[in-house]
Amino acid sequence: MIVKKEMTFVQRLTTSLLANQAITQKEADSLVTMFHDRAKGRVDNFLLDEGMVEREELLKALSGVYQVPFFDVNGYFFEHELLHTFPKDVLIAKGIIPLQVDEDVLIVVASNPEDPELLDVIGHSVSYDIQFNVGVHRDIIDSIEEYYDQSIILDDEDDYEDDESFEDDEDDDMAEDIFDDEY
């Protein structure tokens, strides 16, 4: 009886990169040897950091691996309310970011759409049907961090503006009192 061994993520990714002619067979063999027991995210980063593939080539390969559309989160403006539907730590821990709601379907960009816990995790926050796109893990994390950093800044600015308007009101009241006292 022949037992078919399941391919590792790195083998699946290099097969997809080879099919898209993004890397050579020699590079694929080296990657499989180098990353045979490492986490998926590290190979993504390595390929980009070393300039072995372009981001779009990696996204296309990931799409081939997971059989879902890819989405480049870089530069995308995410919906404020939609992101706040999920706790930041959950988004980061699972490498997901909600993209948009289309009628009753929530589209989520995930670094690993095959994660068996994703639907349950997402289901704790929303009741939409879920459609996955795949994205680069570190880009998803960077987008989450950037979004929440901007939210903090915007909240601080709102607080500051509230304080300024309060001070302006006090100044106006004081000016009125002085004006009334003088005349």
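Residues numbered from 1 in each chain as written. Predicted model: local features only at pLDDT ≥ 70, side-chain atom pairs only at ≥ 80, totals over all residues. Heavy atoms only, no water.

Engineer: Help me understand helix α4 (residues 55-66), please; the structure alone is not making it clear to me.
Structural biologist: Structural remark: α-helix, 3.6 residues per turn; residues separated by three or four positions point the same way. For α4, spanning 12 residues, the distance from its first C-alpha to its last is 16 Å, which sits close to the expected 16 Å at 1.5 Å a residue. Among all positions of α4, only Leu58, Leu59, Ala61, Leu62, Ser63, Val65 and Tyr66 are buried. Remark: Gln67 follows α4 within two positions and exhibits a positive phi of approximately 60°. (Helix = DSSP H or I, 4+ residues; strand = E, 2+ residues; numbered from the N terminus. Expected span 1.5 Å × (residues − 1). Buried < 20%, exposed > 50% of the residue type's maximum accessible area, 1.4 Å probe, protein only.)

Engineer: Please explain the nonpolar core as it appears in this structure.
Structural biologist: Within soluble globular proteins, side chains that are nonpolar generally end up buried alongside one another. Counting 24 residues, the largest nonpolar core has Val73, Ile96, Ile97, Leu106, Val109, Ile122 and Ile144 as its most contacted members. Where this core is concerned, the elements lending two or more residues are α5 (80-83), β1 (96-102), β2 (105-110), α7 (118-123) and α8 (137-182). Not counting chain neighbours up to four residues away, the residues in contact with Leu106 comprise Leu82, Phe86, Pro98, Gln100, Val101, Ile122, Val126, Tyr128, Asp129, Ile130 and Gln131. (Core = buried A, V, L, I, M, F, W, Y, C linked by side-chain atoms within 4.5 Å. Contact = heavy atoms within 4.5 Å.)

Engineer: Even after reading the chapter, I still don't get the pairing of strand β3 (residues 129-134), so can you show me in this structure?
Structural biologist: Consecutive side chains of a regular strand alternate in pointing toward one face of the sheet and then the other. Pairing of β2 with β3, which is carried by six bridges, proceeds in the parallel orientation. Its bridge partner lying in β3, Ala110 is registered against Val134. Crossover handedness for the path β2 to α7 to β3: right-handed. (Pairing = 2+ DSSP bridges. Right-handed = clockwise from strand over helix to strand, strands pointing away.)

Engineer: Before we go on, may I ask you to explain the packing of aromatic side chains in this structure?
Structural biologist: When we look at a pair of aromatic rings, we describe it by the centre distance and by the angle of the planes. Tallied over the entire structure, the rule returns five aromatic pairs. The interplanar angle of 85° and the centroid separation of 5.1 Å between the aromatic rings of Phe71 and Tyr76 together place this pair among those described as edge-to-face. What makes Tyr76 partly exposed here is its relative accessible area of 31%. (Phe/Tyr/Trp six-rings, centres within 6.5 Å; stacked < 30°, edge-to-face > 60°.)

Engineer: Just to check I follow, could you spell out the side chain of Lys94 for this structure?
Structural biologist: Mapping Lys94 onto the fold places it in helix α6 (residues 88-94). A distance of 3.1 Å separates the side chain of Lys94 from the side chain of Asp115, its partner in a polar contact. Setting aside anything within four residues of it in sequence, one finds Lys94 in contact with Ser111, Asp115, Glu117, Leu118 and Val121. (Polar contact = N/O pair within 3.5 Å; in protein donor to acceptor, adjacent residues only side chain to side chain.)

In short, geometric facts, not functional conclusions.
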